[in-house]
Amino acid sequence: MTLIYPVESNAAHPARLSPAYRSTVKRSPSKPLIPMRHTLSELTGPVYGHETVREHDHDLTIQGSGEPLGERIMVHGHVLDEDGRGVPDALLEVWQANACGRYVHVIDQHPAPLDPNFTGAGRARSDATGYYKFVTIKPGAYPWGNHHNAWRPAHIHFSVFGHAFISRLVTQMYFPGDPLFPFDPIFNSVTDENARMRMVSAFDLEHTRPEWALCYRFDIVLRGRDATPMEAR
Ligand SMILES: [Fe+2]
């Protein structure tokens, strides 16, 4: 059994070596890649986690004993294939900083508070039409050590698993109009502007819930001419 994915959309993705994004200098391959045929079990084997997604795992605001601080938002959209068809039953996992720009992670020690009611992690499965939804807190910008005065634009990390273990794709969702876009080497490691803007969610007034939360739409296109740029391919 072979499965061939189209490669035309690869130009949308960031190069493995993007020198302005300093950690890619050491971690990108310095020698030609060696193609390896995927095994049958890699293509058809069960994917960890789909069956353990619980009803409320998509809501990052109800994991603690109280409400997390910050601006509550909804993020929703469809997982789509290259022809715009919804991809059902995809496992979506998100992780993000809290409203102050701090991750619950031992390495993140920058001077911003943790929130006892916010882990920054959530999961969801796309429905029969490819639709997914998260409720969360708008993440803050945070500093990182890439260069002097480096700050990441606010973003949510997304991982998408299909039915095969090797199908995992990872990207970041940004928020429209962020003033940090021109200064972020990760955002700009996607060199095509149209492709870059496909990582930016759209403000979705229509689905904003009055008196409760703003809404952003983020469709994830897995491949093809409108593919969402992905970090892991
Ligand atoms: Fe991040």
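Our subject is the structure that appears above.
Here's a quick rundown of the structure. What you see is a predicted model, and the numbers here were worked out from it, not measured in a lab.

## Notes on the coordination of the iron ion
- Taken together, Y103 (OH), Y142 (OH), H155 (NE2) and H157 (NE2) make up the protein donors of the iron ion, found 1.9 to 2.2 Å from the metal.
- Sequence spacing among the residues donating to the iron ion works out to Y-x38-Y-x12-H-x1-H. Highlighted residues: Y142 in strand β5 (residues 142-143) and H155 in strand β7 (residues 155-161), separated in sequence by 13 residues.
- On the basis of relative accessibility, which here comes to 12%, the residue Y142 falls in the buried class.

## Let's talk about the pairing of strand β10 (residues 214-217)
- Sheet topology note: the strand β1 (residues 72-80)/β10 ladder contains four bridges and is parallel. The residue of β10 that forms the bridge with M74 is C215.
- Here strand β9 (residues 202-203) runs beside β10; their pairing, made up of two bridges, is antiparallel. Each bridged residue has a counterpart across the sheet, and for A202 the counterpart in β10 is R217.

## Some thoughts on the sheet that holds strand β3 (residues 121-125)
- In space, the four strands of this open sheet follow the order β3-β2-β7-β8, with antiparallel pairing throughout. Unpaired on one side and paired on the other, β3 and β8 (169-174) mark the two borders of the sheet. The average undirected angle you get between the axes of adjacent strands in this sheet is 25 degrees.
- Direction of pairing for β7 relative to β8: antiparallel, over a ladder of six bridges. Pairing of F158 across the sheet is with T171, part of β8.

## Some details on the nonpolar core
- Core analysis: the largest hydrophobic core is formed by 24 residues, its most contacted members being V75, L92, Y132, F134, F158 and I220.
- Judged by nonpolar contacts, the second largest core, of ten residues, contains A12, Y174, F187 and M199.

## Observations regarding the layout of surface pockets
- Roughly 750 Å³ of internal volume is contained in the second largest pocket.
- Taken together, 37 residues make up the lining of the second largest pocket; nearest its centre are Y21, R27, Q172, I186 and E231.
- Secondary structure elements with two or more residues in the lining of the second largest pocket: α1 (23-27), β5 and β8.
- When residues in the lining of the second largest pocket are grouped by element, the largest group, three residues, is from β8.
- The residue makeup of the lining of the second largest pocket, split by class, is 18 nonpolar, 13 polar and six charged.

## Re the pairing of β7
- Among the seven residues that make up β7, seven are buried, leaving the element largely enclosed by the rest of the structure.
- Residues of β7 alternate between two faces, with H155, H157, S159 and F161 on one and I156, F158 and V160 on the opposite face, all of them buried.

## Quick notes on the packing of aromatic side chains
- For the structure on display, the rule yields eleven aromatic pairs.
- With 5.2 Å between their ring centres and 75 degrees between their planes, Y103 and Y142 make a pair best called edge-to-face. Separated by 39 residues along the polypeptide, Y103 in the loop between β2 (91-95) and β3 and Y142 in strand β5 bring together distant segments of the chain. With respect to burial, Y103 and Y142 carry one shared label: buried.
- When the centroid spacing of 5.9 Å and the interplanar angle of 80 degrees are considered together, the rings of Y174 and F181 count as edge-to-face.
- Y174 sits in the buried class, given a relative accessible area of 1%.

About the criteria used
Residues numbered from 1 in each chain as written. Predicted model: local features only at pLDDT ≥ 70, side-chain atom pairs only at ≥ 80, totals over all residues. Heavy atoms only, no water. Donors = N, O, S within 2.8 Å, 3.2 Å for Na, K, Ca; no water. Helix = DSSP H or I, 4+ residues; strand = E, 2+ residues; numbered from the N terminus. Buried < 20%, exposed > 50% of the residue type's maximum accessible area, 1.4 Å probe, protein only. Pairing = 2+ DSSP bridges. Axes fitted to C-alpha atoms, helices over the stretch in contact; angles between N-to-C directions. Core = buried A, V, L, I, M, F, W, Y, C linked by side-chain atoms within 4.5 Å. 1 Å grid on protein atoms, 1.4 Å probe; cavity = no way out; pocket = protein on both sides within 12 Å on 5 of 7 lines; lining within 4 Å. Points joined across faces, edges and corners; volume = space filled by probe spheres on them. Nonpolar A, V, L, I, M, F, W, Y, C, P; charged D, E, K, R; others polar. Phe/Tyr/Trp six-rings, centres within 6.5 Å; stacked < 30°, edge-to-face > 60°.

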